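Tertiary structure, described
Here are the chains, one letter per residue:
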Amino acid sequence: MNKMLTGAVMAAASVAVAGEVAATEWNVSVWGKRRAFTEHVEKLAELVSEKTGGEFTMNISYGGLSKNKENLDGISIGAFEMAQFCAGYHRDKNPTITVLELPFLGVNTLAEEVAVSHAVYAHPAVQKDLARWNAKLLMTSPMPQYNIVGTGEPRDELAEFKDMRVRATGGIGKAFSAVGAVPTSVTATEAYNAMESGVVDTVAFAQHAHLAFGTINRADWWTANLNPGTVNCPVVVNTDAYDALSDAEREALDSSVEEAIGHYLSNYGALLEKWDGVLAEKGVEKVTISDDQLAEFRKVAADPIRAQWIEDMTAQGLPAQELYDLVQKTLSDHRSGS
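Residues numbered from 1 in each chain as written. Predicted model: local features only at pLDDT ≥ 70, side-chain atom pairs only at ≥ 80, totals over all residues. Heavy atoms only, no water.

1. Some words on the overall build of the protein chain
Scanning the protein chain from terminus to terminus reveals 13 helices and 11 strands. Scaling as 2.2 N^0.38, a compact globule of 338 residues should have a C-alpha radius of gyration of about 20 Å, and the protein chain matches this with 22 Å. In terms of overall dimensions, the protein chain has C-alpha extents of about 90 × 45 × 35 Å along its principal axes. By the burial criterion, 52% of the 338 residues in the protein chain qualify as buried. Across the protein chain, every contact between residues at least 6 apart in sequence was considered, and the portion connecting residues at least 24 apart equals 78%. Here the protein chain has roughly 14900 Å² of accessible surface; of this, 50% comes from carbon and sulfur atoms. Positive and negative side-chain charges of the protein chain, numbering 28 and 45 respectively, have mean locations separated by a distance of 3 Å. (Helix = DSSP H or I, 4+ residues; strand = E, 2+ residues; numbered from the N terminus. Rg over C-alpha atoms; globule rule 2.2 N^0.38 Å. Buried < 20%, exposed > 50% of the residue type's maximum accessible area, 1.4 Å probe, protein only. Contact = heavy atoms within 4.5 Å. Areas by Shrake-Rupley, 256 points an atom, 1.4 Å probe, with all protein chains shown as cover. Lys, Arg positive; Asp, Glu negative; His and termini not counted. Charge placed at Lys NZ, Arg CZ, Asp CG, Glu CD.)

Here it is, written out as structure tokens:
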């Protein structure tokens with residue numbers, strides 16, 4: 001009897017161990033702290049765990065696994081299974097998706113940002129581009145048009161942007177450079193210190209980041225309608241880790257993306273509704289740029305930068321014009337409901 005009981009216990013233990021081995025646990029590298037920018041990642045983890053009965057879980061690390069500029073490198077070597085990064089942090093590593101960071105692209109809403117991003121992510125050339133890093137594009141992190149906060153007297157004319165030191169990356173940085181500003185690409189987590197120490201006069205962010213990284217607390221003014229563009233920040237997964245998932249796990253992950261994005265949009269929308277109250281509470285002046293100045297900004301920054309981007313990317317053998325046209329067609333289709 002004792003032998004039989006011992007055998008039964010060992011068999012049960014073996015089943016338990018096998019169950020533990022079968023469970024899938026992913027590490028996810030993001031940065032900063034939990035905020036509107038990461039809510040879809042948090043929601044994705046919640047949904048995947050629910051759908052798999054806790055057999056597929058995600059440990060989300062805010063800066064504990066990698067620096068934000070090194071997340072794509074970490075994905076490439078399998079240091080973690082999922083990560084968020086921004087194209088402007090390393091444009092040479094992901095040139096195809098920098099089309100989404102061109103200034104004055106014409107994207108007006110977060111829903112449009114999702115539509116154009118996912119259309120570009122699905123393009124074969126873009127998938128091939130990211131495959132060099134063993135990365136599979138999963139979903140975007142849609143952000144509204146960037147605007148700047150600054151110290152001192154408000155700047156509401158392009159002439160006042162000359163020599164302005166601005167934290168701006170990617171196409172936004174190029175746009176400011178076109179009107180004489182001096183962009184610097186310090187990371188989001190470094191922006192507050194750069195502003196505090198006087199390394200930069202102004203910082204270009206979406207609203208959530210001005211809050212999350214404290215730049216709004218240093219600001220005297222904020223541009224309400226400059227809207228030069230935004231940055232594109234995908235969430236990617238390590239291709240080997242994705243391929244190693246069971247069919248049920250892969251289905252749980254893929255089928256959760258749309259709901260995770262929906263949660264993100266709802267959450268971000270609530271933040272935008274409160275923004276004017278935040279400005280009033282912190283005593284930050286809202287600066288409106290005139291239509292004439294905005295038209296001049298577009299004239300100087302939009303067409304020349306786009307043309308140069310297409311020329312440079314085409315020279316690299318990338319279908320640059322096709323990618324730009326895809327963005328414009330997707331915008332048109334989205335607005336027409338087709």
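Now that the structure has been shown, the text picks up again.
2. Description of the packing of aromatic side chains
This model, assessed by the stated rule, comprises 11 aromatic pairs. Each residue in the set Phe104, Phe161, Phe176 and Phe297 is aromatic and connected to the rest through ring pairs, giving one cluster. A cation sits over an aromatic face here: Lys136 above Tyr242, 4.9 Å from the ring centre. (Phe/Tyr/Trp six-rings, centres within 6.5 Å; stacked < 30°, edge-to-face > 60°. Lys NZ or Arg CZ within 6 Å of the ring centre and 35° of its normal.)

3. Topic: the sheet that holds strand S9 (residues 221-223)
The strands making up a sheet associate through hydrogen bonds between their backbones, and the pairing can be parallel or antiparallel. Taking strand neighbours across the sheet as the criterion, the 6 strands line up as S7-S6-S8-S5-S9-S11 in an open arrangement whose pairing is mixed. Across the chains shown, the open sheet's two edge strands, defined by having one partner strand only, are strand S7 (182-184) and strand S11 (285-287). The sheet shows a mean angle of 25 degrees between the axes of neighbouring strands, direction not considered. Looking at chain direction, S9 and S11 are connected through 3 bridges and run parallel. Bridge pairing in S11 links Trp221 to Glu285. (Pairing = 2+ DSSP bridges. Axes fitted to C-alpha atoms, helices over the stretch in contact; angles between N-to-C directions.)

4. Some details on the environment of Phe104
With respect to the helices and strands, the residue Phe104 is situated in the loop between strand S3 (82-84) and helix H4 (110-121). Assessed through its relative accessible area of 15%, Phe104 is described here as buried. Sequence-wise, Phe104 and Asn193 are 89 residues apart; in three dimensions their C-alpha atoms are separated by 28 Å. Non-local contacts of Phe104, meaning those with residues more than four positions away in its chain, are made with Leu226, Asn227, Pro228, Gly229, Phe297, Arg298, Ala301 and Ala302.

5. Some points on the pairing of strand S1 (residues 24-30)
Of all 7 residues in S1, 5 are buried, a share of seventy percent or more. Sheet topology places S1 next to strand S2 (residues 56-62); 7 bridges connect them, and they run parallel. In the sheet register, Asn27 faces S2, and the bridge partner there is Asn59. Between the parallel pair S1 and S2, the chain is carried across by helix H2 (residues 39-51), and the sense of this crossover is right-handed. Bridge count between S1 and S3: 2 bridges; the pairing is parallel. Considered in S3, the bridge of Ser29 is made with Ala83. (Right-handed = clockwise from strand over helix to strand, strands pointing away.)

6. Examining a negative patch on the surface
On the surface, Glu153, Asp156, Glu157, Glu160, Asp220 and Glu285 cluster together to form a negatively charged patch. By the element assignment, Glu285 lies in strand S11. The exposure class of Glu285 is partly exposed, given its relative accessible area of 43%. (Patch = residues over 30% accessible without salt bridge, like charges linked within 9 Å, V, L, I, M, F, W, Y side chains within 5 Å. Salt bridge = Lys/Arg side-chain N within 4 Å of Asp/Glu carboxyl O.)

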